[in-house]
Amino acid sequence: MKTLRENVTDYLTTRQGLGFKLEGLSKLLLSFVEFCEERGATRVQNDLAIQWATNPIKVPVSDTLIARRLDAVRIFARYQHTLDPLTQIPAEEHRPRRYRPKQPNILSQNDICALLAATSTLEPAFKALTWRTLIGLLAATGLRPGEACRLAVSDINLAGGVIQVLETKFGKSRLVFIHPSTATVVTDYLQARQAWVGAGTHSSATVFLNTRRGPICPDRLNATFREIVAAAGLATAPGRRPVRLHDLRHTFAVTTMIDWYRDGHDVQARLPLLSTWLGHVDPASTYWYLQAVPELLALAADRLDNAAEASATKPAP
């Protein structure tokens with residue numbers, strides 16, 4: 001009989017073979033395995049799953065984190081139950097399987113300008129330039145922060161104005177086109193990057209480097225970005241979460257759709273294009289913005305009202 005750790009390893013290997021990324025799920029399940037091993041458990045048990053999910057461990061627990069932890073255990077337990085019927089599956093009643101995403105922070109042009117200006121508070125100057133370029137690129141393209149961190153110099157075709165995003169979430173790859181002004185900013189950064197690295201000095205092939213000339217780490221972005229947000233003076237509205245780097249992606253998606261509505265384009269027909277651009281595996285992930293952002297919902301409602309009025313006033317054939 002295999003151990004719980006071996007069963008989890010087999011499960012993660014199977015998911016990886018199907019093209020799923022494992023970073024978040026793997027970390028959660030291995031933490032759960034360690035928790036069970038300390039208590040002598042050899043398979044998933046409901047009481048242990050709840051104890052682990054509500055245990056602060058290294059970070060404070062919120063309802064969102066509890067739901068995410070239980071979700072990870074449920075997904076594995078349902079798979080394992082087919083192989084071992086004694087495996088218990090935590091009931092949905094303990095916590096909702098899926099938590100409701102919070103309304104995204106949509107940044108104004110002034111907010112983004114304030115963030116770009118606030119990068120000047122970082123030291124050394126190369127770090128400030130790196131963050132100014134990173135924030136600008138995310139705002140202009142809607143890339144995920146992790147995707148930008150993994151970009152290699154060879155992934156960018158400045159002459160053609162194209163960035164190739166390879167093997168990202170769910171194993172998908174895509175092309176992202178950049179405006180000439182964005183290409184100019186990236187060109188200037190790459191020249192400064194080369195000067196920072198120095199001739200003949202070995203460094204990472206990634207575009208964005210840290211002050212040690214290594215690849216900038218996605219897991220360490222939040223701390224620096226919080227400094228920039230504070231320097232920019234961006235306050236958190238009551239009942240909302242603080243501004244995150246990922247909100248630049250939300251802002252890109254929402255402002256793109258708002259511009260389409262205001263320009264009179266068929267937004268429904270164009271949404272699959274935006275899904276492809278953003279690298280969404282499911283168009284529903286893009287449609288979510290329509291209900292998550294009040295301004296978009298209002299524009300969509302106005303479009304429907306206008307269509308209904310036009311239909312009502314159209315003379316009968």
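Residues numbered from 1 in each chain as written. Predicted model: local features only at pLDDT ≥ 70, side-chain atom pairs only at ≥ 80, totals over all residues. Heavy atoms only, no water.

Enquirer: Honestly, the pattern of salt bridges in this entry has me stumped. Any pointers?
Expert: Two side chains carrying opposite charge are able to pair once their charged atoms lie near each other. Scanning all chains against the criterion turns up seven salt bridges. As a salt-bridge pair, E38 and R39 come within 3.3 Å of each other at their nearest N and O atoms. E38 gets classed as exposed once you look at its relative accessible area, which sits at 57%. Two residues, D247 and R244, come together in a salt bridge whose shortest N-O distance is 3.6 Å. The exposure class assigned to D247 is buried, which follows from its relative accessible area of 0%. Taking relative accessible area as the criterion, R244 reaches 28% and is therefore assigned partly exposed. Taken together, the salt bridges that share partners define one network made up of R144, E147 and R174. (Salt bridge = Lys/Arg side-chain N within 4 Å of Asp/Glu carboxyl O. Buried < 20%, exposed > 50% of the residue type's maximum accessible area, 1.4 Å probe, protein only.)

Enquirer: Just to check I follow, could you spell out helix α3 (residues 46–53) for this structure?
Expert: Three or four residues apart is the spacing at which side chains of an α-helix point the same way, because the helix has 3.6 residues per turn. Burial in α3 covers these residues: L48, A49, W52 and A53. Down the axis of α3, the sector holding all buried residues measures 130 degrees, keeping them to one side. (Helix = DSSP H or I, 4+ residues; strand = E, 2+ residues; numbered from the N terminus. Arc of directions from axis to C-beta.)

Enquirer: Could you clarify how one ought to interpret the packing of aromatic side chains in this entry?
Expert: By the definition in use, this model includes nine aromatic pairs. Between F126 and W196 the ring centres are 4.8 Å apart and the planes differ by 5 degrees, which places this aromatic pair in the stacked class. Here F126 is found in helix α6 (residues 125–141), whereas its partner W196 is found in helix α8 (residues 180–197), with 70 residues between them in sequence. Since its relative accessible area comes to 7%, F126 is described here as buried. Judged by its relative accessible area of 23%, W196 is partly exposed. Among the aromatic residues, those joined into a ring-pair cluster are F126, Y189, W196 and F208. Against the face of W52 rests R69, its NZ or CZ located 5.6 Å from the ring centre. If you follow R213 out to its NZ or CZ, it ends over the ring of W196, 4.7 Å from the centre. (Phe/Tyr/Trp six-rings, centres within 6.5 Å; stacked < 30°, edge-to-face > 60°. Lys NZ or Arg CZ within 6 Å of the ring centre and 35° of its normal.)

Enquirer: What's the story with helix α11 (residues 267–278) in this structure? I'm lost.
Expert: Between its first and last C-alpha atoms α11 spans 15 Å; for 12 residues at 1.5 Å apiece the expected length is 16 Å, and the two agree. Burial in α11 covers these residues: V267, L271, L274, S275 and L278. End-on view of α11: buried residues confined to an arc of 105 degrees, all on one side of the axis. Exposed and oriented more than 90 degrees from the buried face of α11 are L273 and T276. Remark: G279 follows α11 within two positions and exhibits a positive phi of approximately 80 degrees. (Expected span 1.5 Å × (residues − 1).)

Enquirer: Would you mind going over the state of the cysteines with me for this structure?
Expert: Formally, a disulfide is one covalent bond, and it connects the sulfur atom of one cysteine to the sulfur atom of another. A complete count under the given rule lists zero disulfides for this structure. Of the cysteine sulfurs around C217, a residue in no disulfide, the closest is that of C149, at 7.7 Å. Classification of C217 as partly exposed rests on a relative accessible area of 28%. (Disulfide = S-S within 2.5 Å.)

Enquirer: Explain the sheet that holds strand β2 (residues 162–165) to me, please; I cannot follow it from the model alone.
Expert: Through backbone hydrogen bonds, the strands of a sheet pair up, either in parallel or in antiparallel fashion. Ordered by their spatial adjacency, three strands build an open sheet running β1-β2-β3, and the pairing between neighbours is antiparallel. Two strands lie at the open edges of the sheet, namely β1 (156–157) and β3 (174–177), each paired on one side alone. With two bridges connecting them, β1 and β2 associate as antiparallel partners. Each residue of the ladder has a partner; that of N157, found in β2, is V162. (Pairing = 2+ DSSP bridges.)

Enquirer: Quick question: what am I supposed to make of the nonpolar core here?
Expert: Side chains that are nonpolar tend, in soluble globular proteins, to be buried together. L115, W131, I135, I163, F208, F225 and L245 are the most contacted members of the largest nonpolar core, which totals 39 residues. Among the elements of the structure, α5 (109–118), α6, α7 (145–150), β2, α8 and α9 (221–232) are those that each provide at least two residues to this core. In terms of residue count, α6 provides more of this core than any other element does, seven residues in total. For W131, the contacting residues outside a window of four places in its chain are T119, L122, I216, L221, T224, F225, I228 and L245. Counting residues in hydrophobic clusters, the runner-up holds 23 residues, among them V8, L28, A41 and L70. (Core = buried A, V, L, I, M, F, W, Y, C linked by side-chain atoms within 4.5 Å. Contact = heavy atoms within 4.5 Å.)

No statement about biological role is implied by the geometric values presented.
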